[in-house]
Amino acid sequence: DAKTTQPTSMDCAEGRAANLPCNHSTISGNEYVYWYRQIHSQGPQYIIHGLKNNETNEMASLIITEDRKSSTLILPHATLRDTAVYYCIVRVVWGNTPLVFGKGTRLSVIA
Amino acid sequence: GAVVSQHPSRVICKSGTSVKIECRSLDFQATTMFWYRQFPKKSLMLMATSNEGSKATYEQGVEKDKFLINHASLTLSTLTVTSAHPEDSSFYICSASRTGGNQPQHFGDGTRLSIL
């Protein structure tokens, strides 16, 4: 079973920041937080991951609370192409373990 | 660019046919790859873990004789759906990652299988 809880759906106006929350209150000290997204009829796309520090890359920023029980993915300037299902996943650091997908958040970016 | 390639992207075939799906890691070696399936409007469900040079590990409820997995090289894993029936119609997706503790999994673009 997935160890994360996300809202089922969210809307965001084009050009605005999209803030996608994720609850992972049972996360262990050896687990990272990963974010993926899936655009319709494609394979999931890796976005970003982090352990306890905030992370930023060319796609998004990841804000992890100090107690690590929740995080927020931020898409700074959402475009219509960011419409997708976003998955927040926790995964152990060591070993090549599979990702367990929950239901994710369906983000709709509206013009 | 893509780091995991999956082929074919779409298959339509008659009931009883066996279908092979390939998953390749393009610029790295992958001792482990994963196979998922996804039904419409549902999330990805892990089917099996493909291990190079050894038998695959299947999740509970997945028939190993139905879904044959071969991982004969460090860059290629194949999933064969044997004697496919309409209920096997689904979106099949593979993933792989570079070695190292916190390397992200990268996914293929998926194969949409339709059994008539």
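Residues numbered from 1 in each chain as written. Chains lettered and ligands numbered in written order. Predicted model: local features only at pLDDT ≥ 70, side-chain atom pairs only at ≥ 80, totals over all residues. Heavy atoms only, no water.

Asker: Can you walk me through the overall build of chain B in this structure?
Answerer: Helix and strand counts for chain B stand at zero helices and 11 strands. In chain B, the order of α-helices and β-strands from amino to carboxyl end is β-β-β-β-β-β-β-β-β-β-β. Taking 116 residues into account, the globule formula puts the C-alpha radius of gyration at 13 Å, and chain B, at 13 Å, falls close to it. Dimensions along the principal axes, computed over C-alpha positions, put chain B at roughly 40 × 30 × 20 Å. Across the 116 residues that make up chain B, the buried fraction comes to 51%. Counting only contacts in chain B whose residues sit at least 6 apart along the sequence, the fraction spanning at least 24 positions is 53%. (Helix = DSSP H or I, 4+ residues; strand = E, 2+ residues; numbered from the N terminus. Rg over C-alpha atoms; globule rule 2.2 N^0.38 Å. Buried < 20%, exposed > 50% of the residue type's maximum accessible area, 1.4 Å probe, protein only. Contact = heavy atoms within 4.5 Å.)

Asker: What am I meant to see in the environment of Thr97(A) here?
Answerer: Among the secondary structure elements, Thr97(A) is positioned in the loop between strand 8 (84-92) and strand 9 (105-110). Sequence separation between Thr97(A) and Arg16(A) is 81 residues, and the spatial gap between their C-alpha atoms is 35 Å. The contacts of Thr97(A), once residues within four sequence positions are left out, are Arg91(A), Val92(A), Phe34(B) and Gln105(B).

Asker: Explain the pattern of salt bridges here, please?
Answerer: Pairing of side chains with opposite charge becomes possible as their charged atoms draw close. All names here are of chain B. According to the stated counting rule, one finds five salt bridges over all chains in the structure shown. Between aspartate 27 and arginine 98 there is a salt bridge, and its shortest N-O distance comes to 3.1 Å. Linking aspartate 27 in the loop between strand 3 (19-25) and strand 4 (32-38) with arginine 98 in the loop between strand 9 (90-96) and strand 10 (106-107), this pair joins segments that are 71 residues apart in sequence. Overall, the relative accessible area of 52% leaves aspartate 27 in the exposed class. (Salt bridge = Lys/Arg side-chain N within 4 Å of Asp/Glu carboxyl O.)

Asker: Explain the state of the cysteines here, please?
Answerer: Disulfide: a covalent bond connecting the sulfur atoms of a pair of cysteines. In this structure the tally under the stated criterion is two disulfides over all chains. A sulfur-sulfur separation of 2.1 Å characterises the disulfide bridge that pairs Cys22(A) with Cys88(A). Disulfide Cys22(A)-Cys88(A): torsion about the S-S bond near -80 degrees, hence left-handed. Pair noted here: Cys22(A) is in strand 2 (residues 18-23) and Cys88(A) is in strand 8, with a separation of 66 residues, a long-range link. The class of Cys88(A) is buried, set by a relative accessible area of 1%. Bridging Cys23(B) to Cys94(B), the disulfide has an S-S length of 2.0 Å. (Disulfide = S-S within 2.5 Å.)

Asker: Help me out: how do you make sense of the environment of Ala48(B) in this one?
Answerer: Residues and elements named next belong to chain B. By secondary structure assignment, the location of alanine 48 is in strand 5 (residues 45-51). With relative accessibility at 1%, the residue alanine 48 sits in the buried group. Considered as a pair, alanine 48 and valine 62 are 14 residues apart in the sequence and their alpha carbons are 7.9 Å apart. Those residues in contact with alanine 48, other than ones at most four positions away along the chain, are Met33, Phe34, Trp35, Thr57, Tyr58, Glu59 and Ile69.

Asker: Can you help me understand the sheet that holds strand 1 (residues 9-13) of chain A in this one?
Answerer: Across a sheet, paired strands are connected by hydrogen bonds in the backbone, their directions being either parallel or antiparallel. All names here are of chain A. Pairing in this open sheet of five strands is mixed, and the strands run 1-9-8-3-4 from one edge to the other. Each of the sheet's edge strands pairs with one partner strand only, and the pair in question is strand 1 and strand 4 (45-50). Taken over all neighbouring pairs, the strand axes of this sheet differ in orientation by 25 degrees on average, direction set aside. With eight bridges joining them, strand 3 (residues 31-38) and strand 8 adopt antiparallel strand pairing. Bridging across to strand 8, tryptophan 35 finds its partner in cysteine 88. (Pairing = 2+ DSSP bridges. Axes fitted to C-alpha atoms, helices over the stretch in contact; angles between N-to-C directions.)

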